[in-house]
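Chain by chain, the residues run as shown.
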Protein chains: 2
Amino acid sequence: MKKPTDSELEILQVLWDDGESTVRAVNEKLSESRHVGYTTTLKLMQIMTEKGLLARRKEGKTHIYSPTVSKSSTQQQLLSKLLHSAFDGSASSLVIQALGNSKSSKKELDEIREFLNELDKKKR
Amino acid sequence: MKKPTDSELEILQVLWDDGESTVRAVNEKLSESRHVGYTTTLKLMQIMTEKGLLARRKEGKTHIYSPTVSKSSTQQQLLSKLLHSAFDGSASSLVIQALGNSKSSKKELDEIREFLNELDKKKR
DNA sequence: AATATTTTACGAAGATTTTCGTAGAAAGGC
DNA sequence: GCCTTTCTACGAAAATCTTCGTAAAATATT
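The following paragraphs examine the structure supplied in this document. (Residues numbered from 1 in each chain as written. Chains lettered and ligands numbered in written order. Predicted model: local features only at pLDDT ≥ 70, side-chain atom pairs only at ≥ 80, totals over all residues. Heavy atoms only, no water.)

## Quick look at the overall build of chain A
To keep things clear, this is the line we draw: The numbering of helices and of strands both runs from the N terminus, where a helix is a DSSP run of H or I of at least 4 residues and a strand a run of E of at least 2. It is over C-alpha atoms that the radius of gyration is taken, and the globule rule equals 2.2 Å times the number of residues to the power 0.38.
Scanning chain A from terminus to terminus reveals six helices and two strands. N-terminal to C-terminal, the α/β element order of chain A is α-α-α-β-β-α-α-α. In terms of overall size, chain A is more extended than a compact globule, its C-alpha atoms giving a radius of gyration of 18 Å where 124 residues would be expected to give roughly 14 Å. Its C-alpha atoms give chain A principal-axis dimensions of about 55 × 30 × 25 Å.

## What about the interface of chain A and chain B?
Interface size is commonly expressed as the accessible surface area that is lost when the partners come together. Let me state the cut-off plainly: Note on contacts: a residue pair is in contact if any heavy atoms of the two residues lie within 4.5 Å. When two parts are brought into contact, each loses some accessible area as probed by a 1.4 Å sphere; the total of that loss over both is the buried area. For this document, the term salt bridge refers to a Lys or Arg side-chain nitrogen within 4 Å of an Asp or Glu carboxyl oxygen. Throughout, the ten residues Ala, Val, Leu, Ile, Met, Phe, Trp, Tyr, Cys and Pro are labelled nonpolar, Asp, Glu, Lys and Arg are labelled charged, and all others, Gly among them, are labelled polar.
Contacts between the two partners involve 41 residues from chain A and, on the opposite side, 41 residues from chain B. Across the interface of chain A and chain B, roughly 4100 Å² is buried in total on both sides, 61% from carbon and sulfur atoms. As a salt-bridge pair, D120(A) and R113(B) come within 2.5 Å of each other at their nearest N and O atoms. Secondary structure elements with two or more residues in the side of chain A that touches chain B: α1 (6-18), α4 (71-86), α5 (91-100) and α6 (106-123) of chain A. Here the side of chain A that touches chain B takes 12 residues from α6(A), the largest share from any one element. Its residues assigned to classes, the side of chain A that touches chain B shows 17 nonpolar, 14 polar and 10 charged.

## Some thoughts on the protein's contact with DNA strand C
How we decide: Definition of nearness: a residue and a molecule or strand are near each other if at least one heavy atom of the residue lies within 4 Å of the molecule or strand. The term polar contact refers here to a pair of N or O atoms within 3.5 Å; inside protein, the definition further demands a hydrogen-donor-capable atom paired with an acceptor-capable atom, and it admits residues adjacent in sequence only when both atoms are side-chain atoms.
Taken together, 23 residues lie near DNA strand C, and T5(A), T40(A), R24(B), Y38(B) and H63(B) sit nearest. Counting only the atoms of DNA strand C within 4 Å of the protein, the fraction contributed by sugar and phosphate is 66%. One of the side-chain N or O atoms of T40(A) is found 3.0 Å from a phosphate oxygen in DNA strand C. Contacts to DNA strand C include R24(B), whose side-chain N or O atom sits 2.3 Å from a phosphate oxygen. At the level of elements, α1 and α3 (38-51) of chain A together with α2 (23-31), α3 (38-51) and β2 (62-67) of chain B are the ones that each hand at least two residues to the surface near DNA strand C.

## Section: the pattern of salt bridges
What counts is decided by this rule: For every residue, the accessible area obtained with a 1.4 Å probe (protein chains only) is divided by the maximum for its type, and the residue is called buried under 20%, exposed over 50%, and partly exposed between those limits.
Under the counting rule described, the total for this entry stands at 22 salt bridges over all chains. One salt bridge connects R34(B) with E10(B), and the closest N-O pair in it is separated by 2.8 Å. You can see R34(B) sitting in the loop between α2 and α3 and its partner E10(B) sitting in helix α1 (residues 6-18), a full 24 residues away along the chain. On the basis of relative accessible area, R34(B) is assigned to the partly exposed category, the value being 36%. Taken together, the salt bridges that share partners define one network made up of K106(A), D110(A), R113(A) and D120(B).

## Structural notes on the protein's contact with DNA strand D
In the region of DNA strand D, 23 residues are neighbours, and R24(A), K61(A), H63(A), T5(B) and K61(B) sit closest. Between DNA strand D and the protein, one listed contact pairs a phosphate oxygen with a side-chain N or O atom of R24(A) at 2.3 Å. Within the side chain of R34(B), a nitrogen or oxygen atom sits 3.4 Å from a phosphate oxygen of DNA strand D. Mapped onto the surface near DNA strand D, the elements with two or more residues apiece are α2 (23-31), α3 and β2 (62-67) of chain A together with α1 and α3 of chain B. If you tally residues by element for the surface near DNA strand D, the top one is α3(A), at five residues. For the surface near DNA strand D, the class distribution of residues is three nonpolar, 11 polar and nine charged.

Below is the structure:
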């Protein structure tokens, strides 16, 4: 499956957050942060359906769209792309960069430590 | 500064690895992994110079190019973009995804743990 | 000096992504 | 039923990114 474009990702985010939605609903959500015409959103969602990123069913006169790809698998895909294109495939250097420049809370850092321990367990 | 495109990033990688280089050298490096015409690389590097991503000086008849942006700041830029577009700004979830799907060595994991401890120290 | 090679500059084609106008179909209100 | 609103389909313009052909300038070779 091909990587979603930036605009496509925006739409996926809305659908992951809100669940299946009409074009109108998605467009209104997007319009909160920037101007975007209704038919622009419509066209993108039609294209995404052709590509297989979205599925739709008809309800009355409108279509209701839902994602066919999961959030985590998409995140994985984008992350893996970045890992190889910008970090020479070194996950640890990516992770350290990510942590270095983000003000993560103590709680989040503990969460990560916990995760590291589990990984270790599996390794042993 | 605008995010480099995929092709631009490839070129930056060569220059970060090898240091300042001619178009020919960059093109040869790129050609190791995929076919790409000499003038294609030339054109891209000219555009990157216009954009301010590269600088060049003349030596004899050829130009010698060098990056004006650092690898780490570019990584940071791309990471931050991904963080917000795909991970709702949650660095910990990005990090956990990154670790979960990469087979990092014990040593790398320890490196990360070490980094977490330093972050904690600074937090206190 | 004539010829060949290398490099640059330019422009434009091709591909992809993003945007929206227009027309027509579908539904609802009067 | 007729008018208004909402939605879809289509096509194409605009923007960005990628690719390369061609020609001219600079240099090297013989």
